[in-house]
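# Coordinate analysis (summary)
This is what each chain is made of:
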Amino acid sequence: MDTQTLERSFSAYFNAKSEFIVRAPGRVNLIGEHTDYNDGFVLPMAIDHAVWIALSPRADSQVRVRSLDLEVDSAFDLHSLTKGSGWQEYIKGVAYQLQKAGHELRGFDAVMTGDVPRGAGLSSSAAVELATAYAFAAVSGFAWDAAQMAKISQKAENEWVGMNCGIMDQMASAACREGYALFLDCRTLEVQHAPLPENISVVILDTSTRRGLVDSAYNERRSQCEEAARWFGVKALRDVSVEEFEKGNGLSEVVMKRARHIITENARVLEAVNVMKAGNVKRLGELFNASHVSLRDDFEVTNEALNQIVECAQEQSSCYGARMTGAGFGGCAVALVREENAQEFTKAVSAAYKQRSGLDASIYVCKASEGASLVKG
Ligand code: GLA
């Protein structure tokens, strides 16, 4: 992102110089899918696609934001927040939850832009939420606490926007470090920054299909997981080991499959962290592949396009492993690829996917980036 363009837009729009620039990234999840709302483990990394806000404080409680990408404005008063619809609900929701948590907020004038593909499973909404939280921290003068801001943003999404997501996306956008993946325990919010293996590229494969009606399917998966946890008599499926699960149970076929995905996926995340530390990329790739099969057959959240693009990736000799990433039902897959072959991998997968599905993929070789940060001010 070119911050000069952002500053120029701010000046053109508000006739003054911006005081702060903040940013918050999207994320790609390496492994640990749908485990976050089961108190489990995840391993996302922040990507080099983010939301940027240039802003200056106001003397009153007005918030005015110009979206440069959508070419629309939003204005509201911090003391009289009401629900509406559209992109500004993420901003209002964060403002509401920050105030509820006791933060005294100042109003601001802002311009916002971003390059996280929307609706692709790369957490563009978490990026808006965390950038907003950072903007309020900057103008209102409170300290940035990544975990606290992630929880507030998640609440904004759950209670204001009405999407019942877990904590992974917000924690990734808030707390990741450049060059590292984030090993997160979603029960305790304890984090470990896990260095990425050398000589590999993390490649995002966007199927160009978008998840429709995702909320209802997502919430249905959540309640099936909760049903399974109740059957096992535990707080969350995180508390059931693969061995305990394999002893057998009286769950219905569907709920049993949902539980099997979560329980084996948690085990895969723990193994992935260990093999990453040991530099065993081959095994890491196998875990990616196994995760995809589990999401396809047991959790049933892939679509045809995701299965096809994952197959196209796995067929390349430079690919260690590939899987769908994010909530599923459309959006993106992620592949681990030998770094020196990343460009030819990209070309080959594009062509193969086009031939198989008739669709055009967008493919990004991405870098593990820093979580939300103050760029200027
Ligand atoms: C979405 C949600 C996350 C997580 C993933 C699936 O991205 O926002 O909380 O549940 O799906 O792993």
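Scoring rules and cut-offs
- Residues numbered from 1 in each chain as written.
- Predicted model: local features only at pLDDT ≥ 70, side-chain atom pairs only at ≥ 80, totals over all residues.
- Heavy atoms only, no water.
- Helix = DSSP H or I, 4+ residues; strand = E, 2+ residues; numbered from the N terminus.
- Rg over C-alpha atoms; globule rule 2.2 N^0.38 Å.
- Buried < 20%, exposed > 50% of the residue type's maximum accessible area, 1.4 Å probe, protein only.
- Contact = heavy atoms within 4.5 Å.
- Areas by Shrake-Rupley, 256 points an atom, 1.4 Å probe, with all protein chains shown as cover.
- Lys, Arg positive; Asp, Glu negative; His and termini not counted.
- Charge placed at Lys NZ, Arg CZ, Asp CG, Glu CD.
- Near = heavy atom within 4 Å.
- Polar contact = N/O pair within 3.5 Å; in protein donor to acceptor, adjacent residues only side chain to side chain.
- 1 Å grid on protein atoms, 1.4 Å probe; cavity = no way out; pocket = protein on both sides within 12 Å on 5 of 7 lines; lining within 4 Å.
- Sits in = over half its atoms within 2 Å of the grid points.
- Nonpolar A, V, L, I, M, F, W, Y, C, P; charged D, E, K, R; others polar.
- Core = buried A, V, L, I, M, F, W, Y, C linked by side-chain atoms within 4.5 Å.
- Axes fitted to C-alpha atoms, helices over the stretch in contact; angles between N-to-C directions.
- Parallel < 35°, antiparallel > 145°, perpendicular 65-115°, else oblique.
- Left-handed = near helix turned anticlockwise from the far one by under 90°.
- Phe/Tyr/Trp six-rings, centres within 6.5 Å; stacked < 30°, edge-to-face > 60°.
- Lys NZ or Arg CZ within 6 Å of the ring centre and 35° of its normal.
- Expected span 1.5 Å × (residues − 1).
- Arc of directions from axis to C-beta.
- Pairing = 2+ DSSP bridges.

Now for the overall build of the protein. When its secondary structure is counted, the protein shows 11 helices and 12 strands. Taking 2.2 N^0.38 as the reference for a compact globule, 377 residues should give roughly 21 Å; the C-alpha atoms of the protein span a radius of gyration of 21 Å, in line with that estimate. The C-alpha extent of the protein, read off along each of the three principal axes, is 65 × 50 × 40 Å. Sorting the 377 residues of the protein into buried and exposed places 58% on the buried side. The contacts in the protein between residues at least 6 apart in sequence include a share of 71% that link residues at least 24 apart. When the accessible area of the protein is evaluated, it comes to approximately 15,400 Å², of which 45% is carbon and sulfur surface. Considering the protein, the positive charge centre built from 39 side chains and the negative charge centre built from 49 side chains are found 1 Å apart.

As a further point, take helix H5 (residues 168-175). In terms of burial, H5 is a largely internal element, eight of the eight residues being buried. Turning to H5, its buried residues number three or more, namely Met-168, Asp-169, Gln-170, Met-171, Ala-172, Ser-173, Ala-174 and Ala-175.

What surrounds the ligand is the set Arg-27, Glu-33, His-34, Asp-36, Tyr-37, Cys-165, Gly-166, Met-168, Asp-169, Tyr-218, Gly-326 and Ala-327. A distance of 3.0 Å separates an oxygen atom of the ligand from a polar atom in the side chain of Arg-27. Contact distances for the ligand include 2.9 Å between an oxygen atom and a backbone N or O atom of Gly-166. Contact with the protein chains hides 95% of the accessible area of the ligand, taken as 310 Å² for the molecule alone. One can see that the ligand is located within the largest pocket. A per-class count over the shell around the ligand returns five nonpolar, three polar and four charged.

Another point: the nonpolar core. Counting residues in hydrophobic clusters, the biggest one holds 82 residues, and the most contacted among them are Leu-43, Leu-55, Phe-108, Phe-136 and Val-202. Ranked by the residues each element gives to this core, the list is headed by helix H3 (residues 124-140), at 11 residues. Aside from chain neighbours lying at most four places away, what touches Phe-108 is Leu-55, Ser-56, Pro-57, Arg-58, Gln-62, Val-63, Arg-64, Val-65, Ala-135, Phe-136 and Val-139.

Here the focus is the packing of H3 against H5. H5 packs onto H3 with a crossing angle of 50° between their chain directions and a minimal axis gap of 9 Å. As far as their axial angle goes, H5 and H3 are oblique. Here H3 runs over H5; the crossing is right-handed. Facing H3, whose interface residues are Ala-126, Ala-127, Glu-129 and Leu-130, H5 presents Asp-169, Gln-170, Ser-173 and Ala-174. Within the contact of H3 with H5, the residues separate by chemical class into four nonpolar, two polar and two charged.

In this model, Leu-189 sits at a positive phi of 60°, which is unusual for a non-glycine residue. Summarising the element assignment, Leu-189 is placed in the loop between strand S6 (180-185) and strand S7 (191-195). A residue is classified by how much of its surface remains accessible, and Leu-189, at 17% relative accessible area, is buried. A positive phi angle, near 50°, is found at Glu-300, a position not held by glycine. Looking at where Glu-300 falls in the secondary structure, it is placed in the loop between helix H9 (281-297) and helix H10 (304-314).

Turning to the packing of aromatic side chains, a few remarks are in order. For the coordinates displayed, the defined rule picks out nine aromatic pairs. Considering the side-chain rings of Tyr-13 and Phe-14, the 5.2 Å spacing of their centres and the 85° angle between planes classify their relative orientation as edge-to-face. By relative accessible area, Tyr-13 is classed as partly exposed at 37%. Residue classification places Phe-14 among the buried positions, given a relative accessible area of 15%. Ring centres of Tyr-134 and Trp-144 lie 4.1 Å apart, and the angle between their planes is 20°; on these two criteria the pair is classed as stacked. On the criterion of sequence distance, the pair formed by Tyr-134 in helix H3 and Trp-144 in the loop between H3 and helix H4 (146-161) is long-range, its members being 10 residues apart. Note on Tyr-134: relative accessible area 13%, which makes it buried. An aromatic cluster of at least three residues, connected via ring pairs, comprises Phe-10, Tyr-13 and Phe-14. Above the ring of Trp-160, the side-chain terminus of Lys-83 is found at 5.3 Å from the ring centroid.

If you check helix H1 (residues 3-14), its first and last C-alpha atoms are 16 Å apart, about what 12 residues at 1.5 Å a residue would give, namely 16 Å. Listed in full, the buried residues belonging to H1 are Leu-6, Phe-10 and Phe-14. For H1, the angular spread of the buried residues around the axis is 40°, confining them to a single face. For H1, the exposed residues set more than 90 degrees away from the buried face come down to Gln-4, Arg-8 and Ala-12. Tucked into the core, H1 has its buried residues touching strand S1 (20-31), strand S2 (41-57), strand S3 (62-67) and strand S5 (108-114). Note on H1: the residue one or two positions beyond its end, Asn-15, has a positive phi of about 60°.

What follows is about the sheet that holds strand S10 (residues 332-338). One open sheet holds the four strands; their spatial order is S9-S10-S8-S11, and the pairing between them is antiparallel. Each of the sheet's edge strands pairs with one partner strand only, and the pair in question is strand S9 (319-324) and strand S11 (362-366). Between one strand axis and the next, the sheet turns through 20° on average, direction left out of account. In terms of strand pairing, S9 meets S10 through five bridges, oriented antiparallel. What sits directly across from Arg-323, in S10, is Val-334. Against the sheet, H10 makes contact with strand S8 (200-206), S9 and S10, and its axis sits at roughly 175° relative to S9, the strand it touches most.

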